[in-house]
Amino acid sequence: MQEITITGINSITYPRLEVWDWLIAMYLFLGGMAAGLMVLSAVSQFRAKGAELPKSSYIGPIMAPFILAIAMVFVFFDLSKKLSAFWFYLSFNVTSPMSWVGWTVGVSIVMSALWALASLPDKTGAKLKLTILNKLSTIRKPLAGINLTLGVMVGIGTGVLLSSFVARPLWNSPVLPILFLVSGISTGAALLILIEKDTEESLFFKKTDIALIAAEIVLIALFFYGHFTSTASHVEAIMPFFKGGYYFPFWIATLILAIALPLAIILEAAEVAGRVRLRIHLSAWLVLAAGLILRLSIVYAGQLSSIKPLAGF
Amino acid sequence: MPRYAMVIDRKRCIGCMACVTACKAENNIAEELYRTRVIEIVEGAFPNFRMELRPELCNHCENAPCVSSCPTGASHKRKDGIVMVHKNRCVGCKACLAACPYDARFIDTTSGAADKCTFCEHRIKDGKEPACVTTCLGKSRIFGDLDDPKSIVKKMLAENRTEVPIKKANTRPRVFYL
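Here is a short report on the structure shown in this document. Computed from a predicted model, the values in this text were never measured in an experiment.

1. Let's talk about the overall build of chain A
Step number 1: In terms of regular secondary structure, chain A is built from 11 helices and 1 strand.
Step number 2: Written out in order from the N terminus, the α and β elements of chain A read β-α-α-α-α-α-α-α-α-α-α-α.
Step number 3: Relative to the globule expectation of 20 Å for 313 residues, the C-alpha radius of gyration of chain A, 21 Å, shows essentially globular dimensions.
Step number 4: Overall, the C-alpha framework of chain A stretches about 75 × 55 × 25 Å when taken along its three principal axes.
Step number 5: Within chain A, residue pairs in contact and separated by at least 24 positions form 73% of the contacts whose partners lie at least 6 positions apart.

Shown next as structure tokens:
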């Protein structure tokens, strides 16, 4: 029998850490999605052969800065000292993932906005009558390259933000940044599928998404396997996803992911083969829902995990 | 430049909680928030049982994860080894709270900034010991300079086998337990 009495506890850290909630999960989801848009729209532009760019090549760059800005608004609302937020951009700490994320997203908003202006179709550009558009359109490809790189950084950053904490075993996995990058690009592809409808470009995104979802399933399995074969606190950290009772919401999340992701692959494969024609792109919605559930469950479950033993050292 | 450290002799702690109270009073900590705590662990059943009383506080780690995770440099390590927070520079992102393996930090509800033990640096400046050390009835908490050959801390570390909490985190704490 063990009886523990603590005098002087802070509710933010005991009985479990409660520092981040759905606001940060929304940042991770939207940040990943914007990263996906930046990466895939850049690929789409590099692939484009004719003078006319496909819809995703300019809708993606236009949406990316807005989604990133909304993502940053979620981070802003999470800050407990909002009026000091400007310090993010008056300092840089090379060892702090949060600092990297702040700067990368800030730079990405500016660069993707410039890229969006450079990628505007000629008709829309002519209506705006801005001379800068002509100059920007001449550097569209270099801007696409820069945005592709920044997209990868933003996508990985959402995972590194969590995986750098040794104190939280669930998050402390080298697989997490890659998992969030792949999942983020996959949600970006899902959004582009919803925008593109039935074109050749949409088919390309569906094929890409099938590969990305397959990779995501493998990475989720590796993420859990890595924990399962690690220390006792790592094993304990993944238990919410496999135990019912108190951890029921996490168990449901595992169940949804286990159904939604393979189902999305099957549906997309059927759509690519032309066997299924749904009025709504169910597969894309499944990918988006799975992306959000993955981030919500990882953010919340990570705060249940700790390397701190209550008794003894 | 001194290198401050604390030694906590668990056998001498009587669980009076004077340190918890003194810390709150000295540093004017808001209600229901604490910079130090005392954990009482009773294992086994009468008559075969053991009891441990363990005061805990910020470990002022040499390899402090709170400092490396801070995006603005608000959390910083002074040359004397004390980990401090520039309250005006803190944005309240809570990365340091997530990074600390010892759960030694919290958000000060008054300022919104991260808060933690400062080893009572304002008292050290005046040549006094931290409030928890001064008030400790059983002399369980001992504070001193690791670079001062005459300090009791230096002597205790040389003469005793000490432990640090969560050794696997490898943050090299400056609070040692006997």
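2. Comments concerning the overall build of chain B
Step number 1: Summing up its helical and strand segments, chain B has 6 helices and 9 strands in all.
Step number 2: Taken over the C-alpha trace, chain B has a radius of gyration of 16 Å; the compact-globule value for 178 residues is 16 Å, and the two agree within 12%.
Step number 3: Out of the 178 residues in chain B, the part that is buried amounts to 44%.
Step number 4: In chain B, of all internal contacts separated by at least 6 residues, the share reaching a separation of at least 24 is 57%.

3. Quick look at the sheet that holds strand β3 (residues 48-56) of chain B
Step number 1: Here we have 3 strands laid out as an open sheet, ordered β1(A)-β2(B)-β3(B), and antiparallel in their pairing. This sheet does not close on itself; its edge strands, each paired only once, are β1 (2-7) of chain A together with β3 of chain B. Sheet twist, expressed as the mean angle between neighbouring strand axes with direction ignored, is 10 degrees.

4. Here we look at the interface of chain B and chain A
Step number 1: At the interface, 46 residues of chain B touch 39 residues of chain A.
Step number 2: Elements with a minimum of two residues in the side of chain B that touches chain A: β2 (37-45), α2 (65-69), α3 (95-99) and β6 (106-107) of chain B.
Step number 3: The leading source of residues in the side of chain B that touches chain A is β2 of chain B, at 9 residues.
Step number 4: Tallied by class, the residues present in the side of chain B that touches chain A amount to 28 nonpolar, 9 polar and 9 charged.

5. Quick notes on the sheet that holds strand β9 (residues 175-177) of chain B
Residues and elements named next belong to chain B.
Step number 1: Taken together, the 3 strands give an open sheet; going across it, the order is β8-β1-β9, and neighbouring strands pair in mixed fashion. In this open sheet, the two edge strands, each paired with only one partner strand, are β8 (141-145) and β9. Within this sheet the neighbouring strands show an average axis-to-axis angle of 25 degrees, counted without direction.
Step number 2: Across 3 bridges, the pairing between strand β1 (residues 4-8) and β9 is parallel. Looking at the pairing, Ile 8 lines up with Tyr 177 of β9.
Step number 3: Sitting on the sheet, helix α6 (residues 152-159) is in contact with β1, β8 and β9, with an inclination near 110 degrees to β8.

6. Comments concerning the nonpolar core
Step number 1: Counting residues in each nonpolar core, the largest one holds 143 residues, and the members touching the most others are Ala 34, Leu 37, Met 38, Ile 67 and Ala 71 of chain A.
Step number 2: For Ala 71 of chain A, the residues in contact, after removing those within four places along its chain, are Tyr 27, Leu 30, Gly 31, Ala 34 and Val 105 of chain A.

7. A word on helix α1 (residues 22-47) of chain A
Step number 1: Along its 26 residues, α1 of chain A runs 37 Å from first to last C-alpha, staying within 8% of the 38 Å computed at 1.5 Å per residue.
Step number 2: For α1 of chain A, the buried fraction is high: 22 of the 26 residues fall into the buried class.

8. Side note on the environment of Leu 53 of chain A
All names here are of chain A.
Step number 1: Turning to its location among the elements, Leu 53 is positioned in the loop between α1 and α2 (55-78).
Step number 2: Measuring from C-alpha to C-alpha, the distance between Leu 53 and Asp 122 comes to 9.9 Å, with 69 residues separating the pair along the chain.
Step number 3: Sequence-distant contacts of Leu 53, defined by excluding residues within four places in its chain, comprise Gln 45, Ala 48, Tyr 58, Ser 119 and Pro 121.

9. Concerning the pairing of β1 of chain B
Residues and elements named next belong to chain B.
Step number 1: By the criterion of burial, β1 is predominantly enclosed, with 5 of the 5 residues buried.
Step number 2: With burial as the criterion, each face of β1 is covered, one bearing Tyr 4, Met 6 and Ile 8 and the other bearing Ala 5 and Val 7.
Step number 3: Bridge count for β1 against β8 is 5 bridges, and the pairing is antiparallel. The residue bridging Met 6 from the neighbouring strand is Phe 143, located in β8.

10. Digging into the pairing of β1 of chain A
Step number 1: With respect to burial, β1 of chain A is a largely exposed element, only 0 of its 6 residues being buried.
Step number 2: Two elements, β1 of chain A and β2 of chain B, share 6 bridges in a ladder whose sense is antiparallel. Counted as the bridge partner of Ile 6 of chain A is Ile 39 of chain B from β2 of chain B.

11. What about the packing of α2 of chain A against helix α7 (residues 175-196) of chain A?
Residues and elements named next belong to chain A.
Step number 1: Two elements in contact, α2 and α7, have axes separated by 10 Å at closest approach and are oriented at 125 degrees. Here α2 lies oblique to α7, going by the angle between them. Crossing of α2 over α7 shows right-handed handedness. Residues Lys 55, Ser 56, Ile 59 and Gly 60 of α2 form the contact with α7, whose own contacting residues are Leu 192, Ile 195 and Glu 196.
Step number 2: For the contact of α2 with α7, the per-class residue count stands at 3 nonpolar, 2 polar and 2 charged.

12. A look at helix α3 (residues 97-119) of chain A
For an α-helix, the turn length of 3.6 residues means that residues three or four places apart are oriented alike.
Step number 1: With 23 residues, α3 of chain A ought to run about 33 Å at 1.5 Å a step, and its terminal C-alpha atoms sit 31 Å apart, in line with that.
Step number 2: Judged by how many residues are buried, α3 of chain A sits mostly within the fold: 17 of 23 residues are covered.

13. Regarding the packing of helix α6 (residues 140-163) of chain A against α7 of chain A
Relative placement of two packed helices is described by the angle separating their axes and the distance separating the axes.
Residues and elements named next belong to chain A.
Step number 1: Between α6 and α7, the shortest axis-to-axis distance is 7 Å and the interhelical angle comes to 140 degrees. As summarised for this structure, α6 and α7 are arranged oblique, according to the angle between their axes. Handedness of the α6/α7 crossing: right-handed. Where α6 abuts α7, its residues Val 152, Gly 155, Ile 156, Thr 158, Gly 159, Val 160, Leu 162 and Ser 163 lie against Leu 176, Pro 177, Ile 178, Leu 179, Phe 180, Leu 181, Gly 184 and Ile 185.

14. Focus: the environment of Gly 106 of chain A
Residue and element names in this part refer to chain A.
Step number 1: Structurally, Gly 106 is set in helix α3.
Step number 2: What makes Gly 106 partly exposed here is the crowd of 14 C-beta atoms within 10 Å.
Step number 3: Once the C-alpha coordinates of Gly 106 and Leu 68 are considered, the two residues, 38 residues apart in sequence, prove to be 8.5 Å apart.

Scoring rules and cut-offs
- Throughout, residues of each chain are indexed from 1 in the direction in which the sequence is written.
- Working convention: letters from A go to chains and numbers from 1 go to ligands, in the order in which they are written.
- Given that this is a predicted model, residues contribute local features only at a pLDDT of at least 70 and side-chain atom pairs are listed and counted only at 80 or more, while totals for whole chains, interfaces and linings are drawn from all residues.
- In DSSP terms, a helix is any run of H or I states spanning at least four residues, a strand is any run of E spanning at least two, and both are numbered starting from the N terminus.
- Within these notes, the globule rule equals 2.2 Å times the number of residues to the 0.38 power, and the radius of gyration is based on C-alpha atoms.
- Residues are treated as contacting if the C-beta atoms built from their backbones sit within 7 Å of each other.
- Whether a residue is buried, exposed or partly exposed is read from the other C-beta atoms within 10 Å of its own C-beta, which are placed from the backbone; 20 or more gives buried, 12 or fewer gives exposed, and intermediate counts give partly exposed.
- Between any two strands, pairing holds if DSSP finds at least two bridges.
- A fitted line through C-alpha atoms serves as each axis, taken over the contacting stretch for helices, and the angle formed by two N-to-C directions is quoted from 0 to 180°.
- Only Asp, Glu, Lys and Arg are considered charged in this grouping, and only Ala, Val, Leu, Ile, Met, Phe, Trp, Tyr, Cys and Pro are considered nonpolar; every other residue, Gly among them, is considered polar.
- Nonpolar cores are built from buried Ala, Val, Leu, Ile, Met, Phe, Trp, Tyr and Cys residues. These are joined into a set through C-beta atoms within 7 Å.
- Each residue after the first adds 1.5 Å to the expected span of a helix.
- Roughly parallel covers angles under 35 degrees, roughly antiparallel covers those over 145, roughly perpendicular covers 65 to 115, and oblique covers all other angles.
- Take the far helix as the reference: if the near one is turned anticlockwise from it by less than a right angle, the crossing is left-handed, and if turned clockwise, right-handed.

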